[in-house]
Amino acid sequence: MLTDLLEKMGFTLPQHDWQKPVVGVSACLLGQKVRYDGDHKHSAILVHQLGPLLRFRDTCPEVAIGLPVPRPPIQVVQVDDALRVKGVENPQQDVTEALEDVAAGMTEPLSGFVLKARSPSCGHLSTPVHNAGGQQIGMASGAFARKLHELFPRIPLANDSDLEKPAFLQSFLLQVYCYHQWHHSDHQGQWLNDMQAQSEQLDEPLHSGLRHYLDKLGQAMH
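Residues numbered from 1 in each chain as written. Predicted model: local features only at pLDDT ≥ 70, side-chain atom pairs only at ≥ 80, totals over all residues. Heavy atoms only, no water.

(A) The layout of surface pockets, seen in detail. In this structure, the largest pocket occupies an estimated 360 Å³ of space. As for the largest pocket, its lining consists of 25 residues, and the residues nearest its centre are Arg-35, Tyr-36, Glu-62, Ser-119 and Pro-120. Of all the secondary-structure elements, those providing two or more residues to the lining of the largest pocket are α3 (61–64), β3 (74–79) and β6 (127–130). Considering only enclosed or pocket space, the second largest pocket measures out at about 270 Å³ in volume. In this structure, the second largest pocket is lined by 14 residues; those nearest its centre are Pro-156, Leu-157, Gln-175, Tyr-213 and Lys-216. Its residues placed into classes, the lining of the second largest pocket shows seven nonpolar, six polar and one charged. (1 Å grid on protein atoms, 1.4 Å probe; cavity = no way out; pocket = protein on both sides within 12 Å on 5 of 7 lines; lining within 4 Å. Points joined across faces, edges and corners; volume = space filled by probe spheres on them. Helix = DSSP H or I, 4+ residues; strand = E, 2+ residues; numbered from the N terminus. Nonpolar A, V, L, I, M, F, W, Y, C, P; charged D, E, K, R; others polar.)

Printed below as a string of structure tokens:
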């Protein structure tokens, strides 16, 4: 149980919505029909397992920049040394900066983000990259996800497909709660020391994953 894990690590379970960490979510994962094909990608794990413990802030970057539903598909394209998001059927369409601006406009404090895997806007290190001829030549992040990570490098990010692995689901939730408490702590150094000691009771791979994340939070203080 995820609640048992949080209690084991000393977190107080939220009794009210306003006490829950705020996590951004690709809107299609909550069942909103905003994808390019007019459908959704409802994630039962996200809604039923994480939903009681987190407060979701949904967004669809592609709809946010004015693209219709349904809409012609877009893709990530390598142009010289840059990654651009262009229309598949209309390569002159370039929405890279517009998608990045949506990430820059995320003003509410977030403690994490769950993204739609492989999306040209939202995929986190999971999106196909194409050459000018349309052939796939690699993998990267979508424009929104890439900018989000650049602006908020310490909030945990997850693709919806990552959450299907129980160990990753547990790790992501722990990191979200850690970031939320660390960000709001008046004594961040002491909090980190206490949490590092608390992490010793975790089994692998949770132990190593959390220690690595706590180290990243510690580096932010120097």
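Read on, since the account is not over.
(B) Just the packing of helix α6 (residues 166–183) against helix α8 (residues 206–219), in detail. Running from N to C, α6 and α8 cross one another at 30°; their axes reach a closest spacing of 10 Å. For the element pair α6 / α8, the angle class is roughly parallel. As for how α6 packs across α8, the hand of that crossing is right-handed. For the pair α6 and α8, the contacting residues are Ala-167, Gln-170, Ser-171, Leu-174, Gln-175, Cys-178, Tyr-179 and Trp-182 in the first and Leu-206, Gly-209, Leu-210, Tyr-213, Leu-214 and Leu-217 in the second. Residue composition of the contact of α6 with α8, by class: 10 nonpolar, four polar and no charged. (Axes fitted to C-alpha atoms, helices over the stretch in contact; angles between N-to-C directions. Parallel < 35°, antiparallel > 145°, perpendicular 65-115°, else oblique. Left-handed = near helix turned anticlockwise from the far one by under 90°. Contact = heavy atoms within 4.5 Å.)

(C) Representation of the sheet that holds strand β8 (residues 157–159). Pairing in this open sheet of four strands is parallel, and the strands run β2-β1-β5-β8 from one edge to the other. Lying at the two open borders of the sheet, with one neighbouring strand each, are β2 (55–59) and β8. Between one strand and the next, the sheet's axes are offset by a mean angle of 25°, whatever the strand orientation. One ladder, built from two bridges, connects strand β1 (residues 22–26) with strand β5 (residues 113–115); its direction is parallel. Residue pairing across strands places Val-25 opposite Val-114, the latter belonging to β5. (Pairing = 2+ DSSP bridges.)

(D) Molecular detail of the nonpolar core. Core analysis: the largest hydrophobic core is formed by 51 residues, its most contacted members being Phe-11, Leu-50, Phe-144, Leu-174 and Trp-191. The biggest single contributor to this core is α6, with nine residues. In contact with Leu-50, not counting residues within four places along its chain, are Leu-2, Ile-45, Phe-56, Leu-163, Leu-169, Phe-172 and Leu-173. In this structure, Val-76, Val-85, Ala-140 and Ala-143 belong to the second largest nonpolar core, which totals eight residues. (Core = buried A, V, L, I, M, F, W, Y, C linked by side-chain atoms within 4.5 Å. Buried < 20%, exposed > 50% of the residue type's maximum accessible area, 1.4 Å probe, protein only.)

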